[in-house]
Amino acid sequence: MPKDFGVGASTKRREDVRFLTGNGQYTDDMNVHGQAHVHFVRSEVANGVLKSVDTSAAAAMAGVVRVFTGADFEGVGGLPCGWQITDRHGEPMKEPAHPVLAQGKVRHVGDPIAAVVAETAAQARDAAEAVSCEIEEQPAVTDMKAALGGGALVHDEIGSNLCYDWGFVEENREAVEEAIRGAHHVTTLELTNNRLIPNAMEPRVAIGDYNPSTDESTLYTTSQNPHVIRLLMGAFVLGLPEHKLRVVAPDVGGGFGSKIFHYAEEALCTFAARQLKRAVKWTASRSESFITDAHGRDHVTKIELALDKDGNFLAIRTETCANMGAYLSTFSTSVPTWLHGTLMAGNYKTPLIYVNVKAVFTNTVPVDAYRGAGRPEATFQLERVIDKAARELNMNPIELRRRNFIGADEFPYSTPVAVQYDTGNYQATMDKLVDIADIDGFSGRAESSAARGKLRGLGVNCYIEACGIAPSNLVGQLGARAGLYESATVRVNATGSVTVMTGSHSHGQGHETTFPQVVADMLGIEEGQVNIQHGDTANTPMGMGTYGSRSIAVGGAAMVRATEKIISKAKKIAAHLLEAPEGDIEFKDGSFAVAGTDKSVAWGDVCLAAYVPHNYPLEELEPGLEETAFYDPANFTFPAGAYACEVEVDPETGKVDICSFAAADDFGNVINPMIVDGQVHGGIAQGIGQALLEHATYDDNGQLLAGSYMDYAMPRADDVPSLVVDHSCQTPCTHNPLGVKGCGEAGAIGSPPAVVNAVIDALERGGHSVGHIDMPVSPSRVWAAING
Amino acid sequence: MYNFDFERPSSLADAIVALAQEDSQALAGGQTLIPTLKNRLANPAKLVSLMAIDDLQGVAVGDGVVCVKAATTHVAAAAGAAGSFPALAELAGNIGDPAVRNRGTVGGSLANNDPSACYPAAALATGATIVTNLREISADEFFTGMFGTALGDGEIITEVRFPVPDAANYQKFEQPASRFALVGVFVARFGDRARVAVTGASEDGVFRWVEAESALFGNFTKASLDGLELSPEGLIGDIHGSAEYRAHLTKIMAGRAVAAC
Ligand SMILES: Cc1cc2nc3c(=O)[nH]c(=O)nc-3n(C[C@H](O)[C@H](O)[C@H](O)COP(=O)(O)OP(=O)(O)OC[C@H]3O[C@@H](n4cnc5c(N)ncnc54)[C@H](O)[C@@H]3O)c2cc1C
């Protein structure tokens, strides 16, 4: 029976009332008294020496308050990178400076050169056109092979375009080489994981504000993690201590990773507000978003899978070039390494794995985490090479996977890439998939497609992801420059309602609904009695924010811990009120009872006593009922699943239509099944976008060719079929109190290989031996492959 | 956007006067012009809206001709032509999305002559007459290359007269992002004569595929096109498809259009 409230209930998203009625408060909805507006002058060339910037004409124009250039930021720190990678030889990565406004050089189209502050946005834009920049254009480098092969330099001071050459696990290098050399069969696949533009519905916005009388700065920004921005910008860029800097991220209209990072515009607005002693606002245009939001993916990979004669996996070796773009964005360096290499075991027992990643600077927009972040790249290559191996060995791709699955009885399972999976049951999710996707009925459907002149294909794959990235002491050893705990303060109000201040941040995930479900369940009160506050460093405990499917697994766990503290204290108060020993108090359904008696006191009475402590053990217990907890998990969580996609290919045009898509996920325990469905739906839509449509391509001069929606194809409703989603296979996480694993990225991680496997299957069945087609599998690419 | 003056005349005569002034420009549905202005790629001194002129609105059917007034939106054109010229109605009903179809106009589409737009294919395949405030221009004369037309400065399209073919069909293969035509082929048969107009494919904008027309002459079947190949020379190659791919699609779409007639 589905529950109708609390954990496990599909409670409707309470935040949607304000979002759908136009009552959201997004950053651009906010206007600070006396604010000025900023417009950025950006480089139109991808690589060049910035000889001079003449702002005099602009400064004299109507309404202009001040024009900032790189010179204003001498002595001010650059934008920091949050994760240091140590290369194969024990050397730290190359970490070039990333100035707030360009100094001496421009390195990608969109690189900010000057910031014009004026009374109105239109005046700022007009004046920006009058800023004249003398730039000596140099050849640009956008292709990673060219960048490593002696092409133009992005950062002259480094002397090459190599950021790092990472080996993992370096000690396995020789053994993997030997296993591959001696294997019965080796399948090799070279592929590209296409560059994507995140395209959150809400473009980025920043408002810097300053109060000269208190020397306090406030930044309103479209961020997934306001505390992280406060730390990075305060400590590393502007030198502002936390108690003088408040960061507010109000309603945020989607992020998908792109709003994790600290951006130059945030620092500029905060800095300018202090200089000008008035608020300064910037709102990105959509065109600006295309060339300034950190892009995603962009890997070029060669993967080899060695098998014995029975199809058992013996070894995997993968070599990847990962595009960093022109500068190191906040978490860019961790994505192709720790978020990618550690996932290369997938759902399988492969004894030997070696991962090599070369991170490369190019004259393109910085690349960083985007929904899935490293894990889609790992999953795609692994699940594509397995499919190719099955074809080469004439084995059923599902059977080949099943043969190599880690068994349900083998958990906890330590992989050769340094992680330990706590739980899982991959045969069960595959069984579920075979059922919900009606895999047995495929051949009948293929016949009816053939009758209409279409080629039908079936693609199946598995995925594993590591969510709730942790623990802090481990990631610290791996180079993270931050902790990865989460925090919550549970404040019980005098009349029994509850306010939870969480360090997690909701920008579409539905925390305002799901978090109360958990707390209300624990306290035996109605969900409506619990409210969530997030997104403001002034009233939430230091938290690391929301990304990596970590909110319920880490933030939710912190909230549970704080609520446990509340219950424990409330029991003491109840014991006093009931004149019974604390050990005899039982708390159930919102009532404290003395075991074995009919004596009880209600939740509300205990809360009132805490705040009106007339009859209260003041000598032993503080009044009030408010607790904070910080939770640092013992391990990642490991959601996993199996996905199936069916496509029809029109062999005359190369057009691919997705006929059906099924997803069987194991997310451990599920708080709100409806919201989980929605997360999976959105993830799959994005994965379909990557697989069939989206492609951020540059020309040789470093101009973005898909710089607007006229050329950058986002998935639309008619690109996505009705999705069959199931999460009834549940192996709860063993190390967090809710037994949850996280579901935010699964769809985006698991779906691209299913789509591409299906297209290749359709073509192979149709007699076209194409091997592989890179994403996006566009009609023209399919046609070219068929006629190749 | 730069600043501009705005006028919204209610008669054609007033519009003509307003458009005679230097640096003034007609505004119809704004689906092309407004984004251009927003990106600061145009800087007209004055915009003259044609949308309040009754004489430029509506669809008239008669004498084997469907006459669409220039400022008729795609939605209104689709409704007005549905009974008399279904292929044209279908074309109009598949342009862009509902917002675009409720604003964009046939006159704006032809005047703009986007190399991937749909209406130019219908005009050229039917041998339509583009009527302006000054003259009548045959479709064969009207389109003069990518974004180019025979219109003079300040000249206003007032209506488009589409001869209704005995059979017609438009096949549009959508560019995945914009959903304009990556290749669109409009085939119109009048008696045993066929006209085939191709949009989306050529660097010179919409064109007639005369080899296909000859092949279809007197033998209006898909099979008649079998032996034909369109040369990729002069065709558009971009991130959505090579010139070769567009050449191939032209043939496929032409075949499908003939089969659907
Ligand atoms: C998202 C999107 C998708 C689209 N998809 C398609 C598609 O699939 N197929 C397609 O064919 N089109 C498509 N369009 C274009 C659309 O159909 C419009 O027809 C087109 O933008 C021009 O018409 P308009 O009325 O908006 O003209 P405007 O933008 O107002 O004007 C365009 C130009 O024509 C001039 N002009 C306008 N009317 C006249 C006139 N009567 N006489 C002389 N000059 C005039 C203007 O001065 C201007 O130079 C799309 C547009 C958008 C925004």
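Calculation notes
Residues numbered from 1 in each chain as written. Chains lettered and ligands numbered in written order. Predicted model: local features only at pLDDT ≥ 70, side-chain atom pairs only at ≥ 80, totals over all residues. Heavy atoms only, no water. Helix = DSSP H or I, 4+ residues; strand = E, 2+ residues; numbered from the N terminus. Rg over C-alpha atoms; globule rule 2.2 N^0.38 Å. Buried < 20%, exposed > 50% of the residue type's maximum accessible area, 1.4 Å probe, protein only. Contact = heavy atoms within 4.5 Å. Areas by Shrake-Rupley, 256 points an atom, 1.4 Å probe, with all protein chains shown as cover. Lys, Arg positive; Asp, Glu negative; His and termini not counted. Charge placed at Lys NZ, Arg CZ, Asp CG, Glu CD. Buried area = accessible area lost by both parts, 1.4 Å probe. Salt bridge = Lys/Arg side-chain N within 4 Å of Asp/Glu carboxyl O. Polar contact = N/O pair within 3.5 Å; in protein donor to acceptor, adjacent residues only side chain to side chain. Domains from an automatic or database assignment. Nonpolar A, V, L, I, M, F, W, Y, C, P; charged D, E, K, R; others polar. Arc of directions from axis to C-beta. Near = heavy atom within 4 Å. Axes fitted to C-alpha atoms, helices over the stretch in contact; angles between N-to-C directions. Parallel < 35°, antiparallel > 145°, perpendicular 65-115°, else oblique. Left-handed = near helix turned anticlockwise from the far one by under 90°. Pairing = 2+ DSSP bridges. Disulfide = S-S within 2.5 Å.

K.L.:
Give a detailed account of the overall build of chain B, specifying residues and quantitative values.
P.N.:
A count of helices and strands for chain B gives ten helices and twelve strands. Against the 2.2 N^0.38 benchmark of 18 Å for 261 residues, chain B shows a C-alpha radius of gyration of 18 Å, consistent with a compact globule. For chain B, the residues scored as buried account for 52% of the 261 residues in total. At a minimum sequence separation of 6, the contacts of chain B that also span at least 24 residues come to 58%. Accessible surface for chain B amounts to roughly 10800 Å². Of this, 48% is attributable to carbon and sulfur atoms. Between the mean site of the 19 positive side-chain charges and the mean site of the 29 negative ones, chain B shows a separation of 6 Å.

K.L.:
I'd like to hear about the interface of chain B and chain A, residue by residue, with values.
P.N.:
By a widely used convention, the size of an interface equals the accessible area lost when the partners come together. At the junction of the two partners, chain B supplies 23 residues and chain A supplies 24 residues. Interface area, chain B with chain A, both sides summed: about 1800 Å², of which 50% is carbon and sulfur. Counting the contacts that link chain B with chain A gives six salt bridges. A:Asp718 is paired through a salt bridge with B:Arg179; the nearest N and O atoms lie 2.9 Å apart. At the junction of chain B with chain A, the criterion picks out 16 residue pairs in polar contact (both at pLDDT 80 or more). Here the side of chain B that touches chain A gets seven residues from one element, more than from any other, and that element is helix α10 (residues 243–260) of chain B.

K.L.:
Which residues make up the domain arrangement of chain B, and what values go with them?
P.N.:
Residues and elements named next belong to chain B. Domain annotation for chain B reports domain 1 (5–49), domain 2 (54–163) and domain 3 (167–260). One C-alpha centre belongs to domain 1, the other to domain 2; they are set 19 Å apart. With nine residues of domain 1 in contact, the opposing surface of domain 2 contributes twelve residues. The interface formed by domain 1 and domain 2 contains zero residue pairs in polar contact (both at pLDDT 80 or more). Residue composition of the side of domain 1 that touches domain 2, grouped by class: five nonpolar, four polar and no charged.

K.L.:
An account of helix α1 (residues 12–20) of chain B is needed here, citing residue identities and associated values.
P.N.:
Residues and elements named next belong to chain B. Every buried residue belonging to α1 is among Leu12, Ala15, Ala18 and Leu19, and all of these are buried. Axial view of α1: buried residues confined to an arc of 120°, hence all on one face. Opposite the buried face of α1, at more than 90 degrees from it, the exposed residues are Val17 and Ala20. Those residues of α1 hidden inside the fold are in contact with β1 (5–7), β2 (24–27), β3 (46–49) and β8 (157–163).

K.L.:
Help me get a handle on the site of the ligand, residues and values and all.
P.N.:
All names here are of chain B. Among the 29 residues in the neighbourhood of the ligand, the closest are listed as Ala26, Gly30, Thr32, Thr105 and Cys118. Alanine 26 places a polar main-chain atom, nitrogen or oxygen, 2.5 Å from an oxygen atom of the ligand. Contacts to the ligand include lysine 172, whose side-chain N or O atom sits 2.8 Å from an oxygen atom. About the coverage of the ligand: the protein hides 90% of its 960 Å² of free accessible area. Looking at the shell around the ligand, the elements with two or more residues in it are β2 and α6 (106–112). Top element by residues in the shell around the ligand is α6. It accounts for four residues. Among the residues forming the shell around the ligand, the class breakdown is 14 nonpolar, twelve polar and three charged.

K.L.:
Provide a residue-level description of helix α12 (residues 442–451) of chain A, including the pertinent values.
P.N.:
Residues and elements named next belong to chain A. Taken as a whole, α12 has its buried residues at Phe442, Ala446 and Ser449. End-on view of α12: buried residues confined to an arc of 60°, all on one side of the axis. Opposite its buried face, α12 presents the exposed residues Glu447 and Ala451, each directed more than 90 degrees away. Among the residues trailing α12, glycine 453 stands out with phi positive, at a value near 80°.

K.L.:
Give a detailed account of the packing of helix α10 (residues 397–404) of chain A against helix α11 (residues 426–436) of chain A, specifying residues and quantitative values.
P.N.:
All names here are of chain A. Their axes nearest at 10 Å, the elements α10 and α11 cross at an angle of 160°. Classified by the interaxial angle, the pair formed by α10 and α11 is roughly antiparallel. Crossing of α10 against α11: the hand is left-handed. From α10, Ile398, Arg401 and Arg402 reach across to α11, where they touch Gln427, Met430, Asp431 and Val434.

K.L.:
Any details on the pairing of β8(B)? Residues and values, ideally.
P.N.:
All names here are of chain B. When you tally the buried positions in β8, you get five out of seven residues, the bulk of the element. Across five bridges, strand β5 (residues 65–69) lies against β8 in antiparallel orientation. The residue of β8 that forms the bridge with valine 65 is proline 163. Here strand β6 (residues 129–132) runs beside β8; their pairing, made up of four bridges, is antiparallel. Bridge pairing links threonine 132 to isoleucine 157 in β8.

K.L.:
Any chance you could break down the state of the cysteines for me, citing the residues and the numbers?
P.N.:
For the structure shown, the criterion picks out zero disulfides over all chains. For the unlinked cysteine A:Cys743, the closest cysteine sulfur is that of A:Cys467, found at 8.7 Å. B:Cys261 carries a free sulfur, and the closest cysteine sulfur to it, the one in B:Cys118, is 16 Å from it. According to the relative accessible area criterion, B:Cys261 is partly exposed, its value standing at 35%.

K.L.:
With reference to specific residues and values, describe the domain arrangement of chain A.
P.N.:
All names here are of chain A. Assigned domains of chain A: these are domain 1 (31–138 + 204–283), domain 2 (299–470 + 635–786) and domain 3 (485–631). Where domain 1 abuts domain 2, roughly 2200 Å² becomes buried across the two surfaces, and 64% of that area is made up of carbon and sulfur atoms. The largest share of the area that domain 1 buries against domain 2 comes from Trp83, Phe256 and Phe261, three residues that together contribute 28% of it. Counting across the interface, domain 1 meets domain 2 through nine residue pairs in polar contact (both at pLDDT 80 or more). Looking at side-chain class alone, the side of domain 1 that touches domain 2 contains 15 nonpolar, seven polar and seven charged residues.

K.L.:
Account for the side chain of A:Thr546, with residues named and values stated.
P.N.:
Residues and elements named next belong to chain A. With respect to the secondary-structure elements, threonine 546 resides in the loop between β21 (530–533) and α15 (551–578). Of note is the side chain of threonine 546, whose polar atom sits 2.7 Å from the side chain of serine 551. Apart from the residues within four sequence positions on either side, threonine 546 is in contact with Gln224, Ser504, His505, His507, Gln509, His511 and Ser551.

K.L.:
Report on the sheet that holds strand β9 (residues 167–174) of chain B, specifying residues and quantitative values.
P.N.:
Residues and elements named next belong to chain B. The strand order across the open sheet formed by four strands is β9-β10-β11-β12, and the pairing between neighbours is antiparallel. In the strand order of this sheet, the two ends are held by β9 and β12 (207–208), each with one partner. Bridge count between strand β11 (residues 193–199) and β12: two bridges; the pairing is antiparallel. Its bridge partner lying in β12, alanine 197 is registered against arginine 208. Strands β9, β10 (181–190), β11 and β12 of the sheet are contacted by helix α7 (residues 119–126), whose axis makes an angle of about 25° with β10.

K.L.:
I'd like a description of the packing of helix α9 (residues 375–392) of chain A against α10(A), backed by residues and values.
P.N.:
Residue and element names in this part refer to chain A. As a packed pair, α9 and α10 sit with axes 9 Å apart at the nearest point and diverge in direction by 115°. The pairing of α9 with α10 is recorded here as roughly perpendicular in orientation. You can see that α9 and α10 cross each other, and the crossing is right-handed. Together, Glu383, Ile386, Asp387, Ala389 and Ala390 of α9 and Pro397, Leu400 and Arg401 of α10 make up the contact between the two elements. Here the residues of the contact of α9 with α10 are counted per class, giving five nonpolar, no polar and three charged.

K.L.:
Could you give an account of the sheet that holds strand β7 (residues 162–168) of chain A, with specific residues and numbers?
P.N.:
Residue and element names in this part refer to chain A. Here we have five strands laid out as an open sheet, ordered β7-β15-β14-β13-β8, and mixed in their pairing. A single partner strand is all that each edge strand has here, and the edge strands are β7 and β8 (185–193). Going from strand to strand, the sheet's axes swing by 10° on average, the running direction of each strand aside. In this sheet, strand β14 (residues 313–325) lies alongside strand β13 (residues 299–307) in antiparallel orientation, the contact comprising nine bridges. Within β14, the residue paired with isoleucine 303 across the bridge is threonine 318. Along the sheet, helix α5 (residues 173–182) makes contact with β8, β13, β14 and β15 (352–361), crossing β14 at roughly 120°.

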